[in-house]
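# Close look at the chain arrangement
Given next are the chains, with one letter for each unit.
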Amino acid sequence: MTKVAVFASGSGSNFENIAQRVQDGRLNNIEITALYVDHDDAYAIQRAEKLDIPVHITLPKTFNSKKEYEQQLLKLLKEEDVEWIVLAGYMRLIGADLLDAYERRILNIHPALLPKYKGIDAIGQAYESGDKVTGTTVHFVDSGMDTGEIIEQSQCDIYPDDTKEQLEDRIKHLEYELYPKVIANIIR
Ligand code: GRF
């Protein structure tokens with residue numbers, strides 16, 4: 001089993017979905033060493049505690065630079081022999097040191113059909129656009145924001161009478177199927 005760290009900043013529902021599948025055996029190529037969070041109030045922490053998964057809370061503001069913050073992450077990752085990193089709502093760009101250490105071994109999921117609607121509030125951007133379809137994308141992480149090589153996408157309709165919340169819910173459900181599927185296929 002490949003050792004994976006999941007990085008999150010907020011709610012953590014994708015983290016929980018992946019972790020649950022690992023625990024019930026539906027996802028059996030990985031082991032989650034820990035959840036890594038950059039906010040001490042991230043709801044993801046509570047989800048990890050319920051699932052008995054260790055949590056590392058590392059607060060960027062307690063370091064002098066992004067480099068020092070990421071060096072601390074690298075130290076933890078090394079201690080746990082982490083081989084791949086799965087970003088699940090981690091709201092930071094990955095810096096050079098982490099990218100070098102995990103080249104083509106960091107995945108992200110983004111709630112739009114990239115290259116459309118990069119960055120924050122991708123669902124809102126699609127909702128306001130008048131597009132009839134949107135979806136979600138899993139991609140390798142590079143130094144840009146949501147710019148890495150695309151691995152796989154799932155799409156759904158945007159209905160004329162959708163609320164943004166309904167659309168968000170539809171996309172989340174696509175994510176709960178797509179991310180575990182890509183993790184199963186890509187992570188070795
Ligand atoms: C997901 O929609 C993901 O695509 C994006 O951030 C959101 C995280 O949601 N990168 P959650 O914290 O997993 O509920």
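Each chain carries its own residue numbering, running from 1 in the written order of its sequence. Reporting of local features is limited, given that this is a predicted model, to residues whose pLDDT is at least 70; pairs of side-chain atoms are given and counted only at 80 or more, and all residues count toward the totals for whole chains, interfaces and linings. The basis for every side-chain value is the complete set of heavy atoms in the structure, and neither hydrogens nor water enter the calculation.

The chain has the name Phosphoribosylglycinamide formyltransferase in an unreviewed UniProt entry, where Staphylococcus carnosus is given as its organism. Entered under Catalytic activity (unreviewed entry) in the UniProt record, the comment concerning the chain runs "N(1)-(5-phospho-beta-D-ribosyl)glycinamide + (6R)-10-formyltetrahydrofolate = N(2)-formyl-N(1)-(5-phospho-beta-D-ribosyl)glycinamide + (6S)-5,6,7,8-tetrahydrofolate + H(+)". UniProt positions are given in the numbering used here, feature names are shortened, and annotations may be inferred rather than shown by experiment. Per its UniProt entry, the chain bears the Function (unreviewed entry) comment "Catalyzes the transfer of a formyl group from 10-formyltetrahydrofolate to 5-phospho-ribosyl-glycinamide (GAR), producing 5-phospho-ribosyl-N-formylglycinamide (FGAR) and tetrahydrofolate."

By the criteria applied, helices consist of DSSP H or I runs no shorter than four residues and strands consist of E runs no shorter than two, each listed in order from the N terminus. Locating N14 in the fold gives a position in helix α1 (residues 13-23). Each residue gets one of three labels from its accessible area relative to the maximum for its type: buried under 20%, exposed over 50%, partly exposed in between, using a 1.4 Å probe on protein chains only. Among the residues examined, N14 registers a relative accessible area of 7% and is labelled buried. It only takes one pair of heavy atoms within 4.5 Å for two residues to be counted as in contact. Here N14 is in contact with A88, K172, E175, Y176 and Y179, once residues within four sequence places are set aside. Nitrogen and oxygen atoms within 3.5 Å of one another constitute a polar contact, given that in protein one can donate a hydrogen and the other can accept it, and given that sequence-neighbouring residues count only through two side-chain atoms. Polar side-chain contacts of N14 include one of 3.1 Å to the side chain of E175.

Turning our attention to the environment of Q72. By secondary structure assignment, the location of Q72 is in helix α3 (residues 66-79). Residue classification places Q72 among the partly exposed residues on the basis of a relative accessible area of 24%. Distance from Q72 to T58, taken between C-alpha atoms, is 8.1 Å for residues 14 residues apart in sequence.

Attention now goes to the UniProt feature "binding site: (6R)-10-formyltetrahydrofolate" (unreviewed entry) in the chain. Per the UniProt record, the feature "binding site: (6R)-10-formyltetrahydrofolate" (unreviewed entry) sits at K66, M91, R92, L93, I94 and N108. Lining residues of the largest pocket, restricted to the annotated ones just named, are M91, R92, L93, I94 and N108. Note on placement: L93 falls in the loop between β4 (84-87) and α4 (96-101). By relative accessible area, which is 35% here, L93 ends up partly exposed. Cavity means a closed set of points on a 1 Å grid over the protein atoms alone, one where a 1.4 Å probe fits but cannot get out, pocket means an open set with protein on both sides within 12 Å along at least 5 of 7 lines, and lining means a residue has an atom within 4 Å of a point.

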